[in-house]
Amino acid sequence: IFLEFYRFDKEVGKNISHFNSNFIMSRIVKTEKPTQIGCMHLEANGIVGFHQAVIPQLLIVVDGEGWVRGDDELIVNIKANDVVFWEKGEGHETATATGLTAIVIESEELTPSNFMPIKEHK
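Values in this document were obtained by computation on a predicted structure and should not be read as measured data.

Parameters and conventions
- Residues numbered from 1 in each chain as written.
- Predicted model: local features only at pLDDT ≥ 70, side-chain atom pairs only at ≥ 80, totals over all residues.
- Heavy atoms only, no water.
- Helix = DSSP H or I, 4+ residues; strand = E, 2+ residues; numbered from the N terminus.
- Buried < 20%, exposed > 50% of the residue type's maximum accessible area, 1.4 Å probe, protein only.
- 1 Å grid on protein atoms, 1.4 Å probe; cavity = no way out; pocket = protein on both sides within 12 Å on 5 of 7 lines; lining within 4 Å.
- Points joined across faces, edges and corners; volume = space filled by probe spheres on them.
- Core = buried A, V, L, I, M, F, W, Y, C linked by side-chain atoms within 4.5 Å.
- Contact = heavy atoms within 4.5 Å.
- Polar contact = N/O pair within 3.5 Å; in protein donor to acceptor, adjacent residues only side chain to side chain.
- Pairing = 2+ DSSP bridges.

Draft legend 1. Molecular detail of unusual backbone geometry. Backbone geometry places Phe19, a non-glycine residue, at a positive phi of 60°. Topologically, Phe19 is positioned in the loop between strand S2 (14-16) and strand S3 (23-25). For Asn81, which is not glycine, the phi dihedral falls at a positive 80°. Of the residues examined, Asn81 reaches a relative accessible area of 45% and is grouped as partly exposed.

Okay, here's the thing in structure tokens:
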């Protein structure tokens with residue numbers, strides 16, 4: 001198991017013009033089973049300690065920066081507009097030195113690859 005990173009920036013979205021609209025929509029997820037969505041606020045030096053994901057989970061960074069690591073112990077830097085996906089049972093940790101805000105989506109049927117392209121990371 002390894003961390004999966006996805007994109008939801010406007011370059012991968014679609015132009016919406018229905019109802020006289022003019023905006024770009026980047027789809028993230030569609031579910032039929034129960035889904036929990038929350039906003040996580042980590043202050044400076046905040047951490048979500050290492051644990052196994054109880055359910056598939058998306059971490060969508062909307063502000064700030066920090067890092068994540070998975071079972072392989074590899075630390076990967078994250079920042080606003082990054083999306084990280086963990087499968088059920090996958091160990092993971094999230095931390096920040098300066099602060100980070102993220103939307104967290106948890107559901108048994110998360111398939112981010114159906115909606116977002118993979119993001120290459122270094």
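Additional details are given in the paragraphs that follow.
Draft legend 2. Looking closely at the layout of surface pockets. Of the voids in this model, the largest pocket is the one considered here, and its volume is about 180 Å³. Every residue along the wall of the largest pocket is listed here: Arg7, Val12, Gly13, Lys14, Ile16, Met25, Ser26, Arg27, Asn114, Phe115 and Met116.

Draft legend 3. Expanded view of the nonpolar core. Counting 14 residues, the largest nonpolar core has Leu3, Phe5, Leu59, Val68, Ile78, Val84 and Trp86 as the members making the most contacts within it. Elements supplying a minimum of two residues to this core: strand S6 (57-70), strand S7 (75-79), strand S8 (82-86) and strand S10 (100-107). Setting aside residues no more than four positions away along its own chain, Val68 makes contact with Leu3, Phe5, Leu59, Leu74, Ile75, Val76, Ile78, Val84, Trp86, Glu93 and Thr94. Ranked by size, the runner-up nonpolar core spans nine residues in total, among them Phe8, Phe85, Ile105 and Leu110.

Draft legend 4. Examining the side chain of Thr96 more closely. Examined against the element boundaries, Thr96 turns out to sit in the loop between strand S9 (91-95) and S10. Since its relative accessible area comes to 5%, Thr96 is described here as buried. One polar contact links the side chain of Thr96 to the main-chain carbonyl oxygen of Glu65, over a distance of 2.6 Å.

Draft legend 5. Representation of the pairing of S10 within the structure. Among the eight residues that make up S10, six are buried, leaving the element largely enclosed by the rest of the structure. For S6 and S10, the ladder comprises seven bridges, and the chain directions are antiparallel. Bridge pairing links Gly64 to Leu100 in S10.

Worth remembering: the numbers are spatial, not functional.
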